[in-house]
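The chain contents come next:
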Amino acid sequence: MRSDYPVVIYGASGYTGRLVAEHLRELGLPFIAAGRTRARIEEALRLVPGIESAQYQVVEVEHSVEALVELFKGRKVVCNTVGPFMRYNLEVAEACLRTGVHYLDTTGEQSAILQLDEHFGREFEKAGLVMVPSTAYMYGLSEIGARYCLETPGVDSLRLHGIGNAVPTVASAQTILDAVRHPCYYLKDRELVRYPGIENGQICTPSGEVLTTSNWGGSSNPIWFRKDGRVRNCKMDVAIWNQELYKKELELERAYKVQLQWLPEYQLRTVLDKMATGITPSTPPRESRQIHRSIDICLATGNNVAVKSTIFSTGGYLTTGLLQAYAASRLVSETPRVAGLRSPSEVFGHRELMGTLQSYGYASIKVEQVS
């Protein structure tokens, strides 16, 4: 019976989890919808379009290594959507390692990715398993654009920008606030360099509007490209059309440095989570593809060459659902050519990922030679 349900969605009661379920149904892939509360999972799945034709089971499970090991036995891949990932990813990854299961998640947090690598990177590699964070819009799409640019010989520096229109989910808001207290980095001369704090800049959108950007946790791209011998420098910032969000981020950084950093961990988490509800008090409505659109730009340069990629996409959370489902379907059917902690494009191919997004009408890409 277990082999009939090769995929586990862990965190299936959440906003992202139900979008993963939606796309797994589209791909005809049976799955286990798992989380801490059966009633919440069942309520969430009732909102999934076409769920009546999906093959799935609902499982209530506590967040412990032992309980997750029992759930993961006999499966092939786990789609982890339980955030903030810095708090909760280690138990899931350990259970995957113990049961020989591939691990996917949706985080863009550098600290959470580095935590996975430190604890389990070598062990996953030895076991022939992959851990693939950022299998999501953020920052899977920007990585795709960067890898298109790297097809041009001589490119060694990546400057990336993301422009989005989205309302963070509850867990995403918690993650944004959590990220303020963890170090983040950019890549300079093949070394990770720590940002001194939140760094703001400006970007001109294709329509000519100037938006304020934030380093927004640094993105996962400097982490991926630190081991790519072609890349000397990599830096990314993000602008949100709702410019109030970066202001909230700055307010939190000030509050943390002046007041909050002295609190014990258990008290600090409570305070941060309460502040997160001020950004997103409840689960937002399902995205509208007519409203929630994004632009990801990469300008890649070398000594005498420059190339630019621009990805236009719609529905960042919808895109995340598709990327998770597509990645799971690949891992169910094939043995990945790499192992250990890897980026989505390293495991599944940037052109293959873009082709899947294009086939659903979720994204398109333009690549142009600048010089």
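These lines cover the structure that appears in this document, whether it is placed above or below.

Basis of the calculations
- Residues numbered from 1 in each chain as written.
- Predicted model: local features only at pLDDT ≥ 70, side-chain atom pairs only at ≥ 80, totals over all residues.
- Heavy atoms only, no water.
- Helix = DSSP H or I, 4+ residues; strand = E, 2+ residues; numbered from the N terminus.
- Buried < 20%, exposed > 50% of the residue type's maximum accessible area, 1.4 Å probe, protein only.
- Contact = heavy atoms within 4.5 Å.
- Areas by Shrake-Rupley, 256 points an atom, 1.4 Å probe, with all protein chains shown as cover.
- Salt bridge = Lys/Arg side-chain N within 4 Å of Asp/Glu carboxyl O.
- Pairing = 2+ DSSP bridges.
- Disulfide = S-S within 2.5 Å.
- Phe/Tyr/Trp six-rings, centres within 6.5 Å; stacked < 30°, edge-to-face > 60°.
- Lys NZ or Arg CZ within 6 Å of the ring centre and 35° of its normal.

A separate point is the overall build of the protein chain. Scanning the protein chain for helices and strands turns up 13 helices and 16 strands. For the protein chain, the proportion of its 371 residues judged to be buried stands at 58%. Sequence-distant contacts in the protein chain: of pairs separated by 6 or more residues, those separated by 24 or more amount to 77%. Accessible surface computed for the protein chain: about 15700 Å², of which carbon and sulfur atoms make up 48%.

Scanning all chains against the criterion turns up 13 salt bridges. For Asp-117, the salt bridge is made with Arg-226, and the minimal N-O distance between the two is 3.0 Å. Within this pair, whereas Asp-117 is found in helix α5 (residues 110-127), its partner Arg-226 is found in the loop between α8 (221-225) and β12 (233-240), the two being separated by 109 residues in sequence. Where Arg-232 meets Asp-189, a salt bridge forms, and the shortest distance between an N and an O atom there is 2.8 Å. Of this pair, Arg-232 sits in the loop between α8 and β12 while Asp-189 sits in the loop between β8 (185-188) and β9 (191-194), and the two are 43 residues apart along the sequence.

Moving on, we get to the pairing of β8. As paired elements, β8 and β9 share 4 bridges and run antiparallel to each other. The partner of Tyr-185 across the bridge, within β9, is Arg-194. Hairpin connection between β8 and β9: a loop of 2 residues separates the two successive antiparallel strands, and Asp-189 in this loop has a positive phi of roughly 50°.

The next thing to look at is the environment of Gly-128. Mapped onto the fold, Gly-128 is located in the loop between α5 and β6 (130-132). Each C-alpha atom, one on Gly-128 and one on Val-338, is 7.7 Å from the other, the two residues being 210 residues apart in sequence. Once residues lying within four places of it in the same chain are set aside, the contact partners of Gly-128 are His-102 and Ala-339.

The next thing to look at is the state of the cysteines. The tally for this structure, following the rule as stated, stands at 0 disulfides. For the unlinked cysteine Cys-79, the closest cysteine sulfur is that of Cys-96, found at 9.8 Å.

Here we take up the packing of aromatic side chains. To describe a pair of aromatic rings, you give the distance between the ring centres and the angle between the ring planes. Taken as a whole and judged by the stated rule, the model has 4 aromatic pairs. Arranged with centres 5.5 Å apart and planes meeting at 10°, the rings of Phe-31 and Tyr-56 form a pair that is stacked. Of this pair, Phe-31 sits in strand β2 (residues 31-35) while Tyr-56 sits in strand β3 (residues 56-60), and the two are 25 residues apart along the sequence. Taking 5.7 Å as the distance between ring centres and 50° as the angle between the ring planes, the aromatic pair formed by Tyr-360 and Tyr-362 counts as tilted. Accessibility expressed as a relative area gives 23% for Tyr-360, which makes it partly exposed. Above the face of the Tyr-186 ring, Lys-235 is positioned so that its terminal group lies 4.5 Å from the ring centre.

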